Amino acid sequence: MPRYAQLVMGPAGSGKSTYCATMVQHCEALGRAVQVVNLDPAAELFSYPVMADIRELIEVDDVMEDESLRFGPNGGLVFCMEYFANNFNWLEESLGHVEDDYILFDCPGQIELYTHLPVMKQLVEQLQQWEFRVCGVFLVDSQFMVESFKFISGILAALSAMISLEIPQINIMTKMDLLSKKAKKEIEKYLDPDMYSMIEDSTNILKSKMFKKLTKSICGLIDDYGMVRFLPFDRSDEESINIVLQHIDFTIQYGEDLEFKEPKECEEDKSALVDEYFQDPVDE
Ligand SMILES: Nc1nc2c(ncn2[C@@H]2O[C@H](COP(=O)(O)OP(=O)(O)OP(=O)(O)O)[C@@H](O)[C@H]2O)c(=O)[nH]1
Ligand SMILES: [Mg+2]
């Protein structure tokens, strides 16, 4: 039986932990069991139940306080993640092996983890060895995406994670509930972007010829990949959460191997339900 995983990534404050909490609630309402593993060694509070917490293995504060290491917060985090990569057996023990398990990994927000450090790639390979089908979920704050320049930098971050991890990836614009009506309308064009009109938008305001040329090349590169699309995520809208979940389920083929399980209560009440169904209609 395959196992399923979402690797929830994205820049600091993009809404990763909130996304995990929202997904857990949503899946609970659907009667689906979803667990969350915290992989942020600097996290403090969670609004979801944690199945495993990297801080049981290593904590950023301890690394920063260590006299021989003398790391700051970012160096400390990199150290913690490298230590984690050398101790995947901790994760294996914490995960156990439950049939059909579906796990969200709430990752740290340091962008270098997804662009050039090998840790996340090593994690993906390890999860795949444990029979997980892994989907990358890359979150970007929609409030920073309403201008074409910011959008291009967001798209490049998503693209570099996609290229370095080599797994299917769903890109999401979070915090859609915070946008004004006008901004929502404006952002529609960024969900499925036409990079050529983006080139026009961005280069018209540029004075330097060289910068114009560079922007054109970057937009051309993004367009060549043709793989970066965004889904809007509004935590207050069940429909939007459902669409995101369906896309992710589809990429990891969740549900294809599931066997039908009869809900317990239903089994007991089955005869009663059947009787009710075949009852003679009551005369009104
Ligand atoms: N209104 C609104 N606020 C959100 C949403 N998602 C996140 N937030 C807020 O944004 C802030 C950061 O959210 P987090 O979920 O902690 O973000 P994160 O990506 O886990 O942050 P780090 O782990 O520090 O990188 C919190 O104050 C959240 O309440 C959203 O969809 N809507
Ligand atoms: Mg977080």
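In what follows, the structure referred to is the one given above.
Note that the coordinates shown come from a computational prediction; the quantities given were computed from them, not determined experimentally. Along every chain, residues carry numbers that run from 1 in the direction the sequence is written. Just so you know, chain letters begin at A and ligand numbers begin at 1, following the order they were written in. Residue-level local features of this predicted model are given only where pLDDT is at least 70; pairs of side-chain atoms are given and counted only at 80 or more, and the full residue set underlies all totals for whole chains, interfaces and linings. Side-chain metrics in this entry use all non-hydrogen atoms of the structure; hydrogen atoms and water are not considered.

A.B. asks: Explain the sheet that holds strand S5 (residues 132-141) to me, and be specific about the residues and the numbers.
C.D. replies: The pairing criterion is simple: DSSP has to find at least two bridges between the two strands. Secondary structure elements are taken from DSSP: a helix is a run of H or I of four residues or more, a strand is a run of E of two residues or more, and numbering for both begins at the N terminus. Taken together, the seven strands give an open sheet; going across it, the order is S3-S2-S4-S1-S5-S6-S7, and neighbouring strands pair in parallel fashion. The open sheet is flanked by strand S3 (50-53) and strand S7 (230-232), the only strands paired with a single partner. Across the sheet, the mean angle separating the axes of adjacent strands is 25° when strand polarity is ignored. Here strand S2 (residues 35-38) pairs with S3 via three bridges, running parallel. Orientation is described by lines fitted to C-alpha atoms, with helices fitted over the stretch in contact, and by angles between N-to-C directions that extend from 0 to 180 degrees.

A.B. asks: I'd love a proper account of the nonpolar core, names of residues and values included.
C.D. replies: What we call a nonpolar core is a set of buried Ala, Val, Leu, Ile, Met, Phe, Trp, Tyr and Cys residues that are connected through their side-chain atoms within 4.5 Å. Categorising residues by exposure relies on relative accessible area from a 1.4 Å probe, with only protein chains included: less than 20% of the type maximum marks a residue as buried, more than 50% marks it as exposed, and the intermediate range marks it as partly exposed. Core analysis: the largest hydrophobic core is formed by 59 residues, its most contacted members being Leu7, Leu91, Phe105 and Phe230. Looking at which element gives the most residues to this core, the answer is helix H7 (residues 148-165), with nine residues. The next biggest cluster of nonpolar side chains, apart from the first, holds 26 residues, and it includes Tyr4, Tyr19, Ala21 and Val36.

A.B. asks: Break down the pairing of strand S1 (residues 3-9) for me, citing the residues and quoting the values.
C.D. replies: With seven of seven residues buried, S1 lies mostly within the body of the structure. Burial of S1 is two-sided: the residues Arg3, Ala5, Leu7 and Met9 facing one way and the residues Tyr4, Gln6 and Val8 facing the other way are all buried. Across seven bridges, S1 lies against S5 in parallel orientation. Looking at S5, one finds that Arg3 is bridged to Phe132.

A.B. asks: An account of the packing of helix H4 (residues 88-95) against helix H6 (residues 119-129) is needed here, citing residue identities and associated values.
C.D. replies: Contact geometry of H4 with H6 gives a least axis separation of 12 Å together with a crossing angle of 45°. By the angle between their directions, the pair H4 and H6 is classed as oblique. Judged by the twist between their axes, the crossing of H4 over H6 is right-handed. Every residue of H6 that contacts H4 at Phe88, Leu91 and Leu95 is listed here: Gln122, Leu123, Gln126 and Leu127. By residue class, the composition of the contact of H4 with H6 is five nonpolar, two polar and no charged. Any angle from 65 to 115 degrees is called roughly perpendicular, while one under 35 is roughly parallel, one over 145 is roughly antiparallel, and all others are oblique. For a crossing to be left-handed, the near helix must be turned anticlockwise from the far one by less than a right angle; the clockwise case is right-handed. A contact between two residues is defined here by any heavy atoms of the two lying within 4.5 Å. Residues are sorted three ways: Asp, Glu, Lys and Arg are charged, Ala, Val, Leu, Ile, Met, Phe, Trp, Tyr, Cys and Pro are nonpolar, and all the rest, Gly among them, are polar.

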